[in-house]
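# Residue-level structure breakdown
Residues per chain are reported as follows:
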Amino acid sequence: FQAQLRAWGWFAPVIFVFIQALQVIISPIPGEATGFLGGYLFGLTLGFIYSTVGLTLGTMGAFWIGRWLGGAFVRRYIADHIWERLGFIVEAEGAILAFIIYLIPGFPKDIVAYLFGISPMPIWVFAVVSTLGRMPGTWVLSAQGGRTATGQYLQVALISALVAAVAIPLYYYRHQILNLIRRGSRT
């Protein structure tokens, strides 16, 4: 892939941004892999920037698709168990809710973008809070990829351990956090 990237030259970042955006719109493509790959191929800073741009474009694309096609269409493509857990989002207007959802690991962020698209939230508010919420995770993946590319495996291990110390409890308690958010959105 690196050889192909070099062959693309100055166009390589554009292709990577497109891949990042596409992996949000087509949810089964793993975002963690592409985030790591961005850091590995472009280094921490550029990998983070390119990933952030791609993720923001993809998230806004999913939001716009949700808004354009409407709730009935989006509902058909979301599994019942996910709708039961996250359906309250379609009534949400809160920027804090969107930020928290995008900040916490383990939430299906790509699907959430479609749901926020059928919510009353303005697109510019969603763009800001979803981008800010994704940034810590994007930075971590870019750092892990960048450090791996340069052979700094001890730093990769330290970053991974710190992230695990924060992410595992958040992931473990994600349902309780989601219930708190759901109750807060109803008031």
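Residues numbered from 1 in each chain as written. Predicted model: local features only at pLDDT ≥ 70, side-chain atom pairs only at ≥ 80, totals over all residues. Heavy atoms only, no water.

## Quick notes on the overall build of the chain
What counts here: Going along the chain from the N terminus, every DSSP run of H or I of four or more residues is numbered as a helix, and every run of E of two or more is numbered as a strand. Our radius of gyration looks at C-alpha atoms and nothing else; its globule reference is 2.2 Å times the residue count to the power 0.38. Buried means the residue's accessible area, taken with a 1.4 Å probe over protein chains only, is under 20% of the maximum for its type, while exposed means over 50%, and partly exposed covers the values in between.
Secondary structure summary: the chain contains 10 helices and 0 strands in total. Listed N to C, the secondary structure of the chain is α-α-α-α-α-α-α-α-α-α in terms of helices and strands. Scaling as 2.2 N^0.38, a compact globule of 187 residues should have a C-alpha radius of gyration of about 16 Å, and the chain matches this with 17 Å. Along the three orthogonal principal directions, the C-alpha set of the chain runs to about 50 × 35 × 25 Å. Expressed as a percentage of the 187 residues in the chain, the buried residues total 45%.

## Things to note about helix H3 (residues 31-69)
Since the α-helix turns once every 3.6 residues, residues separated by three or four places project in the same direction. Put simply, the rule reads: Between the first and last residue of a helix there are one fewer steps than residues, each counted as 1.5 Å, and that sum is the expected span. Here the bend at a residue means the angle between the axes of two seven-residue stretches, the one that ends at it and the one that starts at it.
Compared with an ideal rise of 1.5 Å per residue, which puts 39 residues at 57 Å, H3 spans 24 Å between its outermost C-alpha atoms and falls more than 12% short. Along H3, the sharpest change in direction is near 130 degrees and occurs at Gly 43. One or two residues past the end of H3 sits Gly 70, with phi positive at roughly 90 degrees.

## Focus: a nonpolar patch on the surface
Cut-off, in case you're wondering: Residues enter patches when their relative accessible area tops 30% and they take part in no salt bridge; the joining distance is 9 Å for like charges and 5 Å for the nonpolar side chains Val, Leu, Ile, Met, Phe, Trp and Tyr. A 1.4 Å probe and the Shrake-Rupley method give the accessible areas. Residues count as covered only by the protein chains that appear here. The salt bridge definition used is simple: a Lys or Arg side-chain nitrogen within 4 Å of an Asp or Glu carboxyl oxygen.
Residues Trp 64, Trp 68, Leu 69, Phe 99, Leu 103, Ile 123, Trp 124, Val 128 and Leu 132 make up a contiguous nonpolar surface patch of about 930 Å² in total accessible area. By residue number, the principal contributor to the nonpolar patch is helix H8 (residues 123-149), which donates 4 residues. Inspection of the secondary structure assignment puts Trp 64 in helix H3. Take Trp 64: its relative accessible area is 48%, and that puts it in the partly exposed class.

## Comments concerning the environment of Leu 41
Mapping Leu 41 onto the fold places it in helix H3. Leu 41 sits in the buried class, given a relative accessible area of 15%. Sequence separation between Leu 41 and Glu 84 is 43 residues; the distance between their C-alpha atoms is 39 Å.

## Quick notes on the packing of aromatic side chains
Basically, it comes down to this: Classification of ring pairs uses Phe, Tyr and Trp, with its six-membered ring standing for Trp, and accepts pairs whose centres are within 6.5 Å; under 30 degrees between planes counts as stacked, over 60 as edge-to-face, and the remaining range as tilted.
Overall, the coordinates contain 9 aromatic pairs when judged by the stated rule. Residues Trp 10 and Phe 11 carry aromatic rings whose centres are separated by 5.4 Å and whose planes lie at 75 degrees to one another, so their mutual orientation is edge-to-face. Under the relative-accessibility criterion, Trp 10 is labelled exposed at 73%. Seen from their ring centres, Tyr 172 and Tyr 173 are 4.8 Å apart, and the 90 degrees between their planes marks the pair as edge-to-face.

## Examining the confidence of the model for the chain
To keep it simple, the criterion reads: The predictor attaches a confidence to each residue, called pLDDT, with possible values from 0 through 100.
With 90% of its residues at a pLDDT of at least 70, the chain reaches an overall mean of 85. Ranking the elements of the chain by mean pLDDT puts helix H10 (residues 174-186) last, at 70, and H8 first, at 94.

## Comments concerning the packing of helix H2 (residues 12-25) against H3
Worth spelling out the cut-off: All axes are obtained by fitting lines to C-alpha atoms, using only the stretch in contact for helices, and the reported angles, taken between N-to-C directions, cover 0 to 180 degrees. Each angle is binned into one of four classes, with values under 35 degrees roughly parallel, values over 145 roughly antiparallel, values of 65 to 115 roughly perpendicular, and all other values oblique. Each crossing gets its handedness from the near helix: less than a right angle anticlockwise from the far helix is left-handed, clockwise is right-handed. Nonpolar residues are Ala, Val, Leu, Ile, Met, Phe, Trp, Tyr, Cys and Pro. Charged residues are Asp, Glu, Lys and Arg, and all others, Gly as well, are polar.
Where H2 meets H3, the closest approach of the two axes is 6 Å, and the angle between their N-to-C directions is 50 degrees. As summarised for this structure, H2 and H3 are arranged oblique, according to the angle between their axes. Note that H2 runs across H3; the crossing there is right-handed. For the contact of H2 with H3, the residue count by class is 16 nonpolar, 11 polar and no charged.

## Describing the pattern of salt bridges
Any two side chains of opposite charge can pair, given that their charged atoms come close. Under the criterion given, the structure shown has 1 salt bridge. Measuring nitrogen to oxygen at the nearest pair gives 3.2 Å for the salt bridge that ties Arg 134 to Asp 110. Of this pair, Arg 134 sits in helix H8 while Asp 110 is found in helix H7 (residues 109-117), placing the two residues 24 residues apart along the sequence. As far as burial versus exposure is concerned, Arg 134 and Asp 110 are alike and both buried.

## Remarks on the side chain of Gln 20
As a reminder of what qualifies: Any pair of residues with heavy atoms lying within 4.5 Å of one another is described as a contacting pair.
Relative to the helices and strands, Gln 20 is located in helix H2. Here Gln 20 falls in the buried class, since its relative accessible area comes to 1%. Once residues within four sequence positions are removed from consideration, Gln 20 is found in contact with Thr 34, Gly 35, Ser 51, Gly 54 and Leu 55.

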